[in-house]
Amino acid sequence: MQFSEIVGQQEVKAHLLQTVKSGRISHAQLFLGPEGCGSLPLAMAYAQYIACENRLEADSCGECASCRKYAKLIHPDLHFSYPFFAKHKDDTAVTFIEEWREAFLVNPYLNLDEWREHLDSDNKQANINIAECHQIIKKLSLKSFEGEYKVLIMWLPEYLDKEGNTLLKIIEEPPQKTLFLLVAQNQDQILNTILSRTQLVKINRLSNEDIKRYLIEKYLAEPEKAAQIAYLSEGNIQTALTMFNGEINNNFGLFSDWLRMCFANKGTQIADFVETASKLGRENQKDFIRYGMNIIRECLIVLSGASDLVHLPRAENDFVINFSKIIDLAKTEAMYNELEKAHYHIERNANPKILFLDVSLQIVKILKFNTLPQGTQHIVN
Ligand SMILES: [Zn+2]
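Residues numbered from 1 in each chain as written. Predicted model: local features only at pLDDT ≥ 70, side-chain atom pairs only at ≥ 80, totals over all residues.

### Overview of the sheet that holds strand β2 (residues 78-81)
Note the following rule: The rule for pairing is simple: two strands pair if DSSP sees at least two bridges between them. A run of H or I in DSSP counts as a helix once it spans at least four residues, and a run of E counts as a strand once it spans at least two, with each numbered from the N terminus. The axes are straight lines fitted to the C-alpha atoms, using for helices just the contacting stretch, and the angles between their N-to-C directions are given from 0 to 180°.
Across the sheet, 5 strands lie side by side as β2-β3-β4-β1-β5; this open sheet has parallel pairing. Two strands lie at the open edges of the sheet, namely β2 and β5 (199-202), each paired on one side alone. Pairs of neighbouring strands in the sheet enclose a mean axial angle of 20°, with direction left out of account. Strand direction decides the pairing type here: strand β3 (residues 150-155) and strand β4 (residues 178-184), joined by 6 bridges, are parallel. Of the residues in β4, the one forming a bridge with Leu152 is Phe180.

Written out as structure tokens, the structure reads:
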């Protein structure tokens, strides 16, 4: 992974380059940023830059023996740790290294759900177990094979068990030329003892402009469409790509139909919807709900009298404007909360049929207690 392959994040890149040029590479660093901002690819590009035999001004060369091994994640001094589902108590991250390489090489911006799909998870809780902590200590106590540095990239240290404290000593007093790069999303879920021993590299969500430019340059998106997707993706490149790949249209059809049938309280249609939605797969269900939350948020903007701020494609824009005529702020907020709850439960493996039925009924209830004058219902069509 080279810096040039990573979307935006110019400031972070400049900072990382500077640490190498000035010879001030802190041996334990925490790359902290929200999902889809590129923390993991940044850590990878940083490690590759440090190991590169022929560094350029602003990037690794991409051609030397070290870079070639880095590109395939097979450099012997590059180690990984990540949450996994142990089938045997002595399973460690290495047990799943093939799956890891494949997952990262296919999508360096992967999230935990996507990673889970590469593993045979059986809905178990992913974690970084004690066997893995011992393995890390063992690996890092060996001499480096080729490069100057041994690097351990730990993705999502939030999933370290309490036993993670086993690592404190090696993080605090690491063997010579050892580099710990922790890549996390939620600071408050990391063991404090580990947090206090790392130097923070804060990574912000991507700007709309960065995402827009990326979609235009890399995927030849129409500027107008790229701008709309960038706006809806909230700085998450993964969400942006899912939307770009056509999901946005399917979601719009499904979501607007769903609200219409809830509004009209059409039981049979709702049952069909529940059936369809429960078969989408968890990632798509989350996208669908997030998409719905965005649409409802746009309704909120319209209801607050700021229609000018809504930037949606034509059909969605019309829907939002019309739908806003039959709801009020309280209902909009209540619906947003229901969707947010649903998203939370999907993430935690709720039964999708029960979940979509329940949220449908809640939305029917919210929409039913209608204080609007009769005759306005036809507006939603
Ligand atoms: Zn190189």
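### Things to note about the domain arrangement of the protein chain
Going by this rule: Each domain span listed reflects an automatic or database assignment of domains. Note on contacts: each residue gets a C-beta atom placed from the backbone, and two residues are in contact if those atoms are within 7 Å. Each residue gets one label: Ala, Val, Leu, Ile, Met, Phe, Trp, Tyr, Cys and Pro are nonpolar, Asp, Glu, Lys and Arg are charged, and the others, such as Gly, are polar.
As far as domains go, the protein chain holds domain 1 (3-202) and domain 2 (222-379). Here the C-alpha centre of domain 2 lies 37 Å away from the C-alpha centre of domain 1. Every contact between the two is made by 11 residues of domain 1 and, on the other side, 8 residues of domain 2. In terms of residue class, the side of domain 1 that touches domain 2 is made up of 4 nonpolar, 4 polar and 3 charged.

### Details of unusual backbone geometry
Note the cut-off: Partly exposed residues are those falling between the two cut-offs: more than 12 but fewer than 20 other C-beta atoms within 10 Å of their own, whereas 20 or more means buried and 12 or fewer means exposed, with C-beta atoms placed from the backbone.
Positive phi values are uncommon outside glycine, yet Gln9 reaches one of about 60°. Tracing the backbone through its elements, the reader meets Gln9 in the segment before α1 (10-21). By the C-beta count within 10 Å, which is 23 here, Gln9 ends up buried. If you check the backbone angles, Glu234 has positive phi at about 50° while not being a glycine. Examined against the element boundaries, Glu234 turns out to sit in the loop between α10 (223-232) and α11 (237-263).

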